[in-house]
Amino acid sequence: MSEAEERNVLGTELATCSEDPTTGYLRDGCCHHLFEDAGRHELCAVMTEEFLEYSKSRGNDLITPRPELDFPGLTAGDQWCLCIDRWLEAKAADVAPPVVLAATAEEVLDRVELSELEAHAVE
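It should be emphasised that the depicted structure is a prediction, and the values quoted were computed from it without experimental measurement.

1. Let's talk about the pattern of salt bridges
Item 1. Counted according to the given criterion, the structure contains 7 salt bridges.
Item 2. For Asp110, the salt bridge is made with Arg40, and the minimal N-O distance between the two is 3.3 Å. Note that Asp110 is positioned in the loop between α2 (84-92) and α3 (114-119) and Arg40 in the segment before β1 (41-46), a separation of 70 residues in sequence.
Item 3. The salt bridge involving Asp85 is made with Arg111; its shortest N-O contact spans 2.7 Å. Residue Asp85 is located in helix α2, and its partner Arg111 is located in the loop between α2 and α3; the two are separated by 26 residues in the primary sequence.
Item 4. Residue Arg111 is classed as partly exposed on the basis of its relative accessible area, which comes to 40%.
Item 5. Here the salt bridges do not stand alone but share partners, grouping Arg40, Glu42 and Asp110 into one network.

Put into structure tokens, the structure is as follows:
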């Protein structure tokens, strides 16, 4: 599927998640569904302090800048493409960050029900 045909969980054109900081497996701002992305960074979420601390405690520090990886470090309010499994894990721990439905890849629906995403959607 070409980028122009990519859809979000609402069935409309996939929107950009974030260009500041630039997110996505391809670092193009979008949470694409890509065969080569084993981590499936397809869910666009708005970072919260609670989630960032949780992720760090689970061994995935998204707070600390890593210039060698062109990673600026995230703060609450930043939008970022998350791995589906990390979001589900955070949801089970009651710390799932809010989801940006328009920027979340349609393929997320093979792992997460739309109603679950809607319950965590950004207004």
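This is not the end of the story, as more comes after the structure.
2. Here we look at the packing of aromatic side chains
Both the distance between ring centres and the angle between the ring planes are used here to describe each pair of aromatic rings.
Item 1. This structure, assessed with the given rule, holds 1 aromatic pair.
Item 2. Pairing Phe71 with Trp80 gives two aromatic rings, centres 5.4 Å apart and planes at 75°, and the pair type is edge-to-face.
Item 3. Of the residues examined, Phe71 reaches a relative accessible area of 9% and is grouped as buried.
Item 4. A relative accessible area of 6% means that Trp80 is categorised as buried.

3. With respect to the state of the cysteines
Item 1. Counted under the stated rule, the structure contains 2 disulfides.
Item 2. Cys17 shares a disulfide with Cys44; S-S distance 2.1 Å. Taking the sign of the S-S torsion, 80° for the link of Cys17 and Cys44, the bridge is right-handed. Of this pair, Cys17 sits in the segment before β1 while Cys44 is found in strand β1, placing the two residues 27 residues apart along the sequence.

What counts, and where the lines are drawn
- Residues numbered from 1 in each chain as written.
- Predicted model: local features only at pLDDT ≥ 70, side-chain atom pairs only at ≥ 80, totals over all residues.
- Heavy atoms only, no water.
- Salt bridge = Lys/Arg side-chain N within 4 Å of Asp/Glu carboxyl O.
- Helix = DSSP H or I, 4+ residues; strand = E, 2+ residues; numbered from the N terminus.
- Buried < 20%, exposed > 50% of the residue type's maximum accessible area, 1.4 Å probe, protein only.
- Phe/Tyr/Trp six-rings, centres within 6.5 Å; stacked < 30°, edge-to-face > 60°.
- Disulfide = S-S within 2.5 Å.

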